[in-house]
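Each chain is listed here by its residues.
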Amino acid sequence: MLRTFLNDIDVVFEQDPAARSRIEVVLTYSGVHAVWGHRVAHWLWRKKLFFLARLLSQVSRFITGIEIHPGAKIGQRLFIDHGMGVVIGETCEIGDNVTIYQGVTLGGTGKEKGKRHPTVEDHVLIASGAKILGSMTIGENSNIGAGSVVLKEVPPNATVVGIPGKVVVKNGMKVKEQLDHHKLPDPVSERLKQLEEEVAELKEALAVTKQQDEPQNGESVRSEEDDNSNV
C-alpha cells in the first residue's frame, strides 16, 4: 500500500509541470487525496464493510469534489488533474498510468445490469468534460478528446473526438470516413419544406374560420331582410 501511495505521488511529477515538491502534492492535490481515499474505501469494500466504504467515499467526495464509487477498481499511478466533477462508477475498471481531467464521467447508460461501467486500459488519457457511458473497453494508449461522448468500444492506440465519439486517429494514422454526398442535408430545401408546411397549416386554419363565419353572415342577411319586410 505504501508503494502504491508513493507511485500516486510520483506520477504527478511526471504529468504536471506545476508540481514543485512532494509536500505540496500531498497537501494540495485533490486528485491525489481522492485516489488515496478511494484506495482505503475499496479495501473496506472488499472486506464487505460496505457502509464504512460508502461513508468514506462520500467524505472524500465532499472534500475533493471527485466521486469514486468504492467498488471501482483502479490500477497504479492514476493521475486525476484538477479533478472537480469527476465521477467514476461502481463497476468501472481503470488500468495503470491513466490520466483523467476535470468533469470526466465514467458512468452507465441506465439500461445495463451487472458490469455497466467502462473498462479503461493502460496509458489512456481522458480530457476534460468527456463522458464515457456503458460497459465497453477503452483500448490502451488511447486519447479521448475534451467534451466527447463515447458510447462504443475504442480500439487501442486511437484518438476519439465528438458527440457521439468517433475514432479520428488509429495507430498514428488519420481515419478516413466515407462521405455520402447524396445524403448531406440541404438547409435551403429543408427551410422551404418547413415554409410550405406552415402555409398549408395557415390555409387550413383560414378555411375553418371561413366556414365558421358563413352561417353567421347568412343569419345577419336574413335578419336584415326581416327588418326590411317589417318596415
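For the structure itself, consult the block above.
We now turn to the structure provided with this report. Just so it is clear, the structure is predicted and the values come from calculations on it, not from any experiment. (Residues numbered from 1 in each chain as written. Predicted model: local features only at pLDDT ≥ 70, side-chain atom pairs only at ≥ 80, totals over all residues. Heavy atoms only, no water.)

## Some words on the sheet that holds strand β4 (residues 87-88)
Read across the open sheet, the five strands follow the order β1-β4-β7-β10-β13; overall the sheet is parallel. Since the sheet does not close on itself, it has two edges, and those belong to β1 (67-68) and β13 (149-150), each with one partner. Sheet topology note: the β1/β4 ladder contains two bridges and is parallel. What sits directly across from Ile68, in β4, is Ile88. (Pairing = 2+ DSSP bridges. Helix = DSSP H or I, 4+ residues; strand = E, 2+ residues; numbered from the N terminus.)

## Here we look at the pattern of salt bridges
Pairing is possible between side chains that carry opposite charge, provided their charged atoms lie close to one another. Counting across every chain of the model gives seven salt bridges. Among the salt bridges present, the one from Asp10 reaches Arg22, with a minimum N-O distance of 2.8 Å. In this pair, Asp10 sits in helix α1 (residues 2-15) while Arg22 sits in helix α2 (residues 22-28), placing the two residues 12 residues apart along the sequence. The class for Arg22 is partly exposed, based on a relative accessible area of 44%. In this structure, the salt-bridge partner of Glu14 is Arg77, at a minimum N-O distance of 2.5 Å. Of this pair, Glu14 sits in helix α1 while Arg77 sits in the loop between β2 (73-74) and β3 (79-80); the two residues are 63 residues apart in sequence, bridging distant segments of the chain. Each of Arg3, Asp10 and Arg22 takes part in salt bridges that share partners, so that together they form one network. (Salt bridge = Lys/Arg side-chain N within 4 Å of Asp/Glu carboxyl O. Buried < 20%, exposed > 50% of the residue type's maximum accessible area, 1.4 Å probe, protein only.)

## Observations regarding the nonpolar core
Counting residues in each nonpolar core, the largest one holds 28 residues, and the members touching the most others are Ile88, Ile94, Ile100, Leu106, Ile126, Ile138 and Ile144. Mapped by element, the contributors of at least two residues to this core are α3 (30-46) and β14 (158-161). Counting nine residues, the second-largest nonpolar core is a separate cluster that includes Val11, Val12, Ala19 and Val32. (Core = buried A, V, L, I, M, F, W, Y, C linked by side-chain atoms within 4.5 Å.)

## Remarks on the environment of Ser135
Looking at the element boundaries, Ser135 is found in the loop between β10 (131-133) and β11 (137-138). Not counting residues within four places of it along the chain, the set of residues in contact with Ser135 comprises Glu112, Lys115, Arg116, His117 and Glu153. Within the local environment of Ser135, its side chain forms a polar contact with the backbone oxygen of Lys115, the two atoms lying 3.2 Å apart. (Contact = heavy atoms within 4.5 Å. Polar contact = N/O pair within 3.5 Å; in protein donor to acceptor, adjacent residues only side chain to side chain.)

## Concerning α3
End to end, α3 covers 24 Å across 17 residues, agreeing with the expected 24 Å (1.5 Å per residue, within 8%). Here α3 lies mainly inside the structure; 12 of its 17 residues are buried. Among the residues of α3, Gly31, Val32, Ala34, Val35, Trp36, Gly37, His38, Arg39, Ala41, His42, Leu44 and Trp45 are the ones counted as buried. For α3, the elements touching its buried residues are α1, α2, α4 (50-64), β1, β2 and β3. Two residues or fewer after α3 comes Lys48, characterised by a positive phi angle close to 65 degrees. (Expected span 1.5 Å × (residues − 1).)

## Focus on the pairing of strand β15 (residues 166-170)
Judged from the four bridges that link them, β14 and β15 form a sheet pairing that is antiparallel. Counted as the bridge partner of Val160 is Val167 from β15. In this antiparallel pair of consecutive strands, β14 and β15, the connection spans four residues, and Gly162 shows a positive phi of 95 degrees. The sheet contact formed by β15 and strand β16 (residues 173-174) spans two bridges and is antiparallel.

## A few points about the packing of aromatic side chains
Taken as a whole and assessed by the stated rule, the structure comprises two aromatic pairs. For the pair Phe5 and Trp36, a centre-to-centre distance of 5.2 Å together with 25 degrees between the ring planes defines the contact as stacked. Residue Phe5 is located in helix α1, and its partner Trp36 is located in helix α3; the two are separated by 31 residues in the primary sequence. Given a relative accessible area of 21%, Phe5 falls into the partly exposed group. Centroid distance Trp45 to Phe50: 4.7 Å. Interplanar angle 65 degrees. Geometry classified as edge-to-face. (Phe/Tyr/Trp six-rings, centres within 6.5 Å; stacked < 30°, edge-to-face > 60°.)

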